[in-house]
Amino acid sequence: MTAAAGVAVPEPPAVPEPPAVPEPPAVPEPRARLLAGAVEYVRARGMSDLSLRELAAAIGTSHRMLIYHFGSKEGLLVAMVHAVEAEQRRFLAQLAADPAIGPADAIRAMWRRLADPSLWPSERLFFEIYGQALQGRPGTAGFLDGVIDEWVAMITEYSVQLGIPPETARVDARLGMAVTRGLLLDLLATGDRAGADQAIERFIELCEPRSPGAQPAAE
């Protein structure tokens, strides 16, 4: 209470704060929403000879909207592959950030993810678009941007943090990518999961002497 001319004046009652209004959930941009829908559809059903019109109908849009946002069917496919690749890199980043996961277990975890049959449709699409881009097919040129360098840079940084010299780390990163992609192509072609798993384990064994502090095997 406050005094005014000797008279006690009651203080006004406190006004309660209005409840916080939650932010509305972010609405994906139309292009991002269409891209996510296309990726999920192909992951669940496969691409085969699906036309752009069929894909558009399946994800609730029109082929004209897909053309508007992606330029062509090839442009959409390239964007889909890039989206899946970015998702895989995020997974690898999570592995690299976990101090409880060593390099060998990180390779195993990444391989288990890549070898999961649920990803085979999008991985077949990856190799299909890779081949088309190497042949210079219109609409696929952007596919080759970063398809090697972004992975190499990421794996190199991880290896350097483990104490491997940068020059060696970059060479190892390219080798690791080549082995993993080659075995993935092998798996998609043959379905021989056991053989591919054995090859990954052998690759891990060959890499072990490069680990910091590792001793070479006795002769």
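Refer to the structure above for everything that follows.
Draft legend 1. The arrangement of the side chain of Glu85 in detail. In this fold, Glu85 is placed in helix 4 (residues 73–97). By relative accessible area, which is 12% here, Glu85 ends up buried. For Glu85, the side chain forms a polar contact with the side chain of Trp151, separated by 2.7 Å. Sequence-distant contacts of Glu85, defined by excluding residues within four places in its chain, comprise Phe126, Trp151 and Arg181.

Draft legend 2. Layout of helix 3 (residues 63–70). Among the residues of helix 3, Leu66, His69 and Phe70 are the ones counted as buried. The arc that holds the buried residues of helix 3, viewed along the axis, is 80 degrees, so those residues lie on one side. Facing away from the buried surface of helix 3 by more than 90 degrees, the exposed residues are Arg64 and Tyr68. The inward-facing, buried residues of helix 3 abut helix 1 (30–45), helix 2 (52–58) and helix 4.

Draft legend 3. A look at the environment of Gln132. By the element assignment, Gln132 lies in helix 6 (residues 120–134). Taking the C-alpha atoms as reference points, Gln132 and Phe143, 11 residues apart in sequence, are found 9.4 Å from one another. Residues in contact with Gln132, not counting those within four places in the same chain, are Glu74, Arg137 and Thr140.

Draft legend 4. Broad picture of the packing of aromatic side chains. For the structure shown, the criterion picks out 4 aromatic pairs. Seen in terms of ring centroids, Tyr130 and Phe143 are 5.4 Å apart; in terms of plane orientation they differ by 65 degrees. Their pairing is edge-to-face. Of this pair, Tyr130 sits in helix 6 while Phe143 sits in the loop between helix 6 and helix 7 (149–161), placing them 13 residues apart in sequence. Side by side, Tyr130 and Phe143 carry an identical accessibility label, which is buried. Site record: aromatic cluster; members linked through ring pairs are Phe126, Phe127, Tyr130 and Phe143.

About the thresholds
Residues numbered from 1 in each chain as written. Predicted model: local features only at pLDDT ≥ 70, side-chain atom pairs only at ≥ 80, totals over all residues. Heavy atoms only, no water. Helix = DSSP H or I, 4+ residues; strand = E, 2+ residues; numbered from the N terminus. Buried < 20%, exposed > 50% of the residue type's maximum accessible area, 1.4 Å probe, protein only. Polar contact = N/O pair within 3.5 Å; in protein donor to acceptor, adjacent residues only side chain to side chain. Contact = heavy atoms within 4.5 Å. Arc of directions from axis to C-beta. Phe/Tyr/Trp six-rings, centres within 6.5 Å; stacked < 30°, edge-to-face > 60°.

Structural measurements only, silent on function.
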